[in-house]
Number of protein chains: 4
Amino acid sequence: MKLTILIHCPDQSGIISSVTHFIHGEKGNIIYLDQHVDKEAGVFFMRLESDFENHIELSVFKTQFEERLANKYDMHWDIYKDGTKPKMAIFVSKYNHCLYDLLSRHNSGELLVDIPFIASNHDDLRYIADQFQIPYFHIPVSKETKAIAEEKQLDLLKEHQVDFIVLARYMQILSPKVIDVFPQKIINIHHSFLPAFAGAKPYHAAFERGVKIIGATSHYVTAELDAGPIIEQDVTTVSHSHSIKDFIAKGRDLEKIVLSRAVQLHVARKTIVYNNKTVIFS
Amino acid sequence: MKLTILIHCPDQSGIISSVTHFIHGEKGNIIYLDQHVDKEAGVFFMRLESDFENHIELSVFKTQFEERLANKYDMHWDIYKDGTKPKMAIFVSKYNHCLYDLLSRHNSGELLVDIPFIASNHDDLRYIADQFQIPYFHIPVSKETKAIAEEKQLDLLKEHQVDFIVLARYMQILSPKVIDVFPQKIINIHHSFLPAFAGAKPYHAAFERGVKIIGATSHYVTAELDAGPIIEQDVTTVSHSHSIKDFIAKGRDLEKIVLSRAVQLHVARKTIVYNNKTVIFS
Amino acid sequence: MKLTILIHCPDQSGIISSVTHFIHGEKGNIIYLDQHVDKEAGVFFMRLESDFENHIELSVFKTQFEERLANKYDMHWDIYKDGTKPKMAIFVSKYNHCLYDLLSRHNSGELLVDIPFIASNHDDLRYIADQFQIPYFHIPVSKETKAIAEEKQLDLLKEHQVDFIVLARYMQILSPKVIDVFPQKIINIHHSFLPAFAGAKPYHAAFERGVKIIGATSHYVTAELDAGPIIEQDVTTVSHSHSIKDFIAKGRDLEKIVLSRAVQLHVARKTIVYNNKTVIFS
Amino acid sequence: MKLTILIHCPDQSGIISSVTHFIHGEKGNIIYLDQHVDKEAGVFFMRLESDFENHIELSVFKTQFEERLANKYDMHWDIYKDGTKPKMAIFVSKYNHCLYDLLSRHNSGELLVDIPFIASNHDDLRYIADQFQIPYFHIPVSKETKAIAEEKQLDLLKEHQVDFIVLARYMQILSPKVIDVFPQKIINIHHSFLPAFAGAKPYHAAFERGVKIIGATSHYVTAELDAGPIIEQDVTTVSHSHSIKDFIAKGRDLEKIVLSRAVQLHVARKTIVYNNKTVIFS
């Protein structure tokens, strides 16, 4: 059995020694350990993977962990058992490249999640859901219907016990009503190199500014638009010879790759959020 | 003899044909031609290099060019004779990496300019000027003395017939009094991926925001701070494990390379500015 | 009507002037012109796009072009009328990521080709062809059956009037019998940064060598394995912490993006092959 | 006092726990720990930095470490006390860009080493040594004099108690007589993306092959030419429009940055060599 443990707590001497000693005592073999100290904030972060030869009763392990370590060091912690697939809902609007990319990775066994449904404010991409045989819910959103739409979304998310949401170019802003239920569990892809060009039409703004590089940014969604903790970014070069249409075409490839990397990091439990920033373990 | 011709004018049919016909008629062999049309602005840009077997009287050539082409097409144009080294002044403050990089390229014959002097608001880097035997002028700048300091700078620039200025991490903002004398002739390096993190302390701001990529931007200086036409940008990856000090160290390498590339493009007459953007020919 | 003209011929004075003069005389408006001179080989390359307001009889235009320009300058040339979709066959084996990527781009209208069929030496990916409703031909290949298999492939290619072939991780080596029928018309993706790690199992070899960067290369197929003219390359960083499995996963994203870029360049008539190298127009 | 500990040993359960327990027992506060397991080779690697509030007698600490940990786990280990500057010799030939870069970093306090001397088979770069006031030894090397020249080099290296050597574009091949005295202590910069284009004239070979990306590789020198453990690599894009001269110019920037990064990693004790590959800690 393999466990992945994520910890963050006030930095102090002896944490690594205590945790590794505990794991060792439980007959665990540490196969990965990475830690980070944010010296300014005085916070210690650790990710640890451990193999256990013998069967471990997870609830007992967690209780022991809490009593002997977490309480002592005032830890925030999560322990994940290997092999449990998280449930990932996908929200889309009309752009299909990120959706195609996620679904083909899922179909190939590259992306180890369950996808209970795709939700969209438009019906345009239903044909892709059909191609991949994933349920598709068309929930139109207008100023007037937004509250009702979000109720429907929340109902669906609850009903399907969704663990996290991927906004695969979902062109609507979620209200805190949804965000608060999924803190650090909604992953968005923004089509710019944040914090440059937050908000609408970033490729137009980048073109207007005459930049020589464009980017894409995947981040956890928070109440403030495009200001959540950044998970992954990447860029590509452009020149005066590229039109806005070219920016959009080049950007599509960035967006789908960056979003996919962020989703994979989240699924592999390699992200910890602190102070609106992420620690991304290798 | 080799001439480099830069043109921009309202887009219309027949310009390339007319220009190449003209060159051909003057017994020129076109060894490079690149053109660009900004469709939104309706502007045509061209850069052309031509070898002439016979001696060409440059003033006669220019008059012919003006009468037979420039007037007809309403061109902005420049014609440069190969082999003339522009005069480049360097302004610095206390950071030495960009200065070292420019001077060592100059010393190696890699950067084909004359450097009549280095000016600085501090005396710290005089030792480098001495190493490379370039005159160094210490012109302190404070709120009170800024006007006088800029007078001194302008006097020096005029006296040495400076063609363009490189701000190699010069930590002062130039007033329009200087900028207006050198339109599109002052090259700055800003230590961020503009337009993100304009202004002071961009590495601190980038660290605070938790970005995964940092950058550097070289641009022509205009009245608005860090908002001039971008010549060159580059980026490098960072992670949670990097401190602000690490950002600064990684950034130094970006800054010096990006600034040097921009200077080389300018010296090679490969830049045209239009609508606060650059066309950069290959 | 828009025409794209590709030319290469021995370099000499006056070509650009003559060609643009010709276009101008035919009432064409040049909207793109890029040229390149390979000084060592003494070869001139040009790509030109021109709009014609009036109807142009293409066959007449071509005859005129040949008589007045091509013969004079000893040109190799191609003239393409805008809006004709080339027919692209896809060959695959068992890896699906490149296939998924090409088909989803095609389905989105991003890749402007017709795909008459997919051929494979295995039946594994038929389900993807079914998802996208493209005919799928399973043509097993063994040492004994290779000659027969290639006959079948050639029959299919001929029957469907295929213009070019994309080897989307097709794990078989094509014999000259096929290659010679499609010179510079078979695009392969090799999963290394060529010329490093040509041949089989490049990720294993890269891992063994301890490189810090891996790559992917798309090239035209020639008789010599992995030695054809390179169209596009890209790379990504790796470290000691990545296993071969990680290399393969990271490489998948490179492969599909690099292959797609190469296919788009080919489809947009932006490639000219000369001396086993490519000129790639912007 | 701060210690940096580097370890590699056969992988087994309990190492991290034992080491961190030991450090904790010595009243050390672990401020950095990174580990890696090469699963194929069955080898465990660790880098650890620890602050000690009280004075530590280093020789006693090392003895304790050896007796209580190293012997038990069959460790290869090194313990470095912070603040000791290694002695770095630089070997050059005629290219100056890497030399300028190293010396200007050294002069800025960016590169924390002592540079007892520069040695060269030519006298060309003496002026740079003079600029930076570093002793310069001209030791000509020809087929006939190579053995004598290497004797002189070894004498100098010994006399100045040199810790490691940087070949900053030194265009001579060192014989095992020198290499064996400095195992994993000679850092070379090769001007290609190894293993592509090993040996002489890699830019010419890259141009000939028509690659779209060129690179530079810094590695530890071993008996086999350009085949030692890779420390750092980086790349930049090129196109058909670049001549060999352009490759060389673009490559210079790569070479100096990549070499500098490798040297910094070595100086920071962030490299471990195993099986002709490197583990590079972050």
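Residues numbered from 1 in each chain as written. Chains lettered and ligands numbered in written order. Predicted model: local features only at pLDDT ≥ 70, side-chain atom pairs only at ≥ 80, totals over all residues. Heavy atoms only, no water.

As a reminder of what qualifies: UniProt positions are given in the numbering used here, feature names are shortened, and annotations may be inferred rather than shown by experiment.
Under the annotation held in an unreviewed UniProt entry, chain A carries the name Formyltetrahydrofolate deformylase and is attributed to Flagellimonas hymeniacidonis. Heading Function (unreviewed entry) of the UniProt record for chain A holds this comment: "Catalyzes the hydrolysis of 10-formyltetrahydrofolate (formyl-FH4) to formate and tetrahydrofolate (FH4)." In its Catalytic activity (unreviewed entry) section, the UniProt record describing chain A reads: "(6R)-10-formyltetrahydrofolate + H2O = (6S)-5,6,7,8-tetrahydrofolate + formate + H(+)".

**Considering unusual backbone geometry**
Rules: Working definition: helices are DSSP H or I runs of at least four residues, strands are E runs of at least two. Numbering for both runs from the N terminus. Using a 1.4 Å probe on the protein chains alone, a residue whose accessible area is under 20% of its type maximum counts as buried, one over 50% counts as exposed, and one in between counts as partly exposed.
Residue Pro195 of chain A is bonded to the preceding Leu194 of chain A through a cis peptide linkage, with omega at 5°. Topologically, Pro195 of chain A is positioned in the loop between strand S9 (186-190) and helix H7 (202-209). Although it is not a glycine, Lys27 of chain B sits at a positive phi angle of roughly 65°. Its place among the elements puts Lys27 of chain B in the loop between helix H1 (15-25) and strand S2 (28-38). Its relative accessible area of 57% is what places Lys27 of chain B among the exposed residues. Within the chain, Asp226 of chain C stands out as a residue other than glycine whose phi angle is a positive 55°. By secondary structure assignment, the location of Asp226 of chain C is in the loop between strand S10 (213-220) and strand S11 (230-237).

**Focus on the domain arrangement of chain A**
All names here are of chain A. For the record, the criterion: All domain edges in this entry derive from an automatic or database-based domain assignment. When checking whether two residues touch, look at their non-hydrogen atoms; a contact exists if any pair is within 4.5 Å. Joining two parts hides part of their accessible area as seen by a 1.4 Å probe, and the buried area is that hidden amount summed over both. A pairing counts as a salt bridge when a side-chain nitrogen of Lys or Arg comes within 4 Å of a carboxyl oxygen of Asp or Glu. Here the nonpolar group is Ala, Val, Leu, Ile, Met, Phe, Trp, Tyr, Cys and Pro; Asp, Glu, Lys and Arg are the charged ones; every other residue, Gly included, is treated as polar.
Splitting chain A by domain gives domain 1 (2-81) and domain 2 (88-280). The interface of domain 1 with domain 2 comprises 11 residues on the first partner and 9 residues on the second. Between domain 1 and domain 2, a total of about 830 Å² is buried, with carbon and sulfur atoms accounting for 74% of that surface. Linking domain 1 to domain 2 there are 0 salt bridges. Listing elements by their share of the side of domain 1 that touches domain 2, those giving two or more residues are strand S1 (2-10) and strand S3 (43-52). Across the side of domain 1 that touches domain 2, the residue classes break down as 7 nonpolar, 3 polar and 1 charged.

**Examining the sheet that holds strand S8 (residues 164-167) of chain C**
Residues and elements named next belong to chain C. Just so we agree on the cut-off: Only strands joined by at least two bridges in the DSSP assignment are considered to pair. Convention adopted: a line fitted to C-alpha atoms gives each axis, helices being fitted over their contacting stretch, and angles between N-to-C directions are expressed from 0 to 180 degrees.
Spatial ordering of the open sheet is given by S7-S6-S5-S8-S9-S10-S11, a layout of 7 strands whose pairing is mixed. With one partner strand each, in any of the chains shown, strand S7 (136-138) and S11 form the two edges of the open sheet. Strand-to-strand twist across the sheet, computed as the mean angle between neighbouring axes with direction ignored, equals 15°. Pairing of strand S5 (residues 88-92) with S8 involves 4 bridges; the strand directions are parallel.

**Brief notes about the pattern of salt bridges**
Applying the stated criterion to the full structure yields 52 salt bridges over all chains. Where Arg252 of chain A meets Glu110 of chain C, a salt bridge forms, and the shortest distance between an N and an O atom there is 3.2 Å. In this pair, Arg252 of chain A is assigned in helix H8 (residues 244-267) and Glu110 of chain C in the loop between helix H3 (97-107) and strand S6 (118-120), connecting two distinct chains. The exposure class assigned to Arg252 of chain A is partly exposed, which follows from its relative accessible area of 23%.

**Quick word on the side chain of Thr217 of chain D**
All names here are of chain D. Quick note on the threshold: Side-chain atoms alone can form a polar contact between residues adjacent in sequence; in general such a contact is a pair of N or O atoms within 3.5 Å, and within protein one must be able to donate a hydrogen while the other accepts it.
The residue Thr217 is located in strand S10 (residues 213-220) in this model. In terms of polar contacts, Thr217 uses its side chain to reach the backbone amide nitrogen of Leu194, at 3.0 Å. If sequence neighbours within four positions are ignored, Thr217 has contacts with Asn188, Ile189, His190, Ser192, Phe193, Leu194, Ile230, Glu232, Gln233 and Val258.

**A short note on the relation of the copies chain B and chain A**
In this structure, two copies of a chain are linked by a rotation about an axis accompanied by a shift along it. Test applied: Only residues with pLDDT of at least 70 in both copies contribute their C-alpha atoms to the least-squares superposition of the copies.
Turning chain B through 180° and shifting it by 0.0 Å along the axis lays it on chain A, with an RMSD of 0.0 Å. Seen this way, the second copy is the image of the first under a two-fold rotation axis. Closest approach to the rotation axis within chain B is made by the C-alpha atom of Ala196 of chain B, at a distance of 2.3 Å. The overlap is high: 100% of the interface residues of chain B also sit at the interface in chain A, so the same surface is used on both sides.

**Some details on the side chain of Arg105 of chain D**
By the element assignment, Arg105 of chain D lies in helix H3 (residues 97-107). Arg105 of chain D has contacts with Asp253 and Lys256 of chain B together with Glu110, Leu111, Ile257 and Ser260 of chain D, leaving out every residue within four places of it along the chain.

**Section: the interface of chain C and chain D**
Counting from both sides, the interface comprises 32 residues of chain C and, opposite them, 32 residues of chain D. Roughly 2,600 Å² of surface becomes buried between chain C and chain D when both sides are summed, with 61% attributable to carbon and sulfur atoms. Broken down residue by residue, the surface that chain C buries against chain D is led by Arg209, Lys212 and His240 of chain C, which jointly contribute 27%. Our count for the chain C to chain D interface comes out at 0 salt bridges.

**Digging into the pairing of strand S8 (residues 164-167) of chain D**
Residues and elements named next belong to chain D. A two-sided burial pattern is seen for S8, the buried positions comprising Phe164 and Val166 on one face and Ile165 and Leu167 on the other. Pairing analysis gives 3 bridges linking S8 to strand S9 (residues 186-190), with the strands arranged parallel. Residue pairing in the sheet places Leu167 in a bridge with Asn188 of S9.

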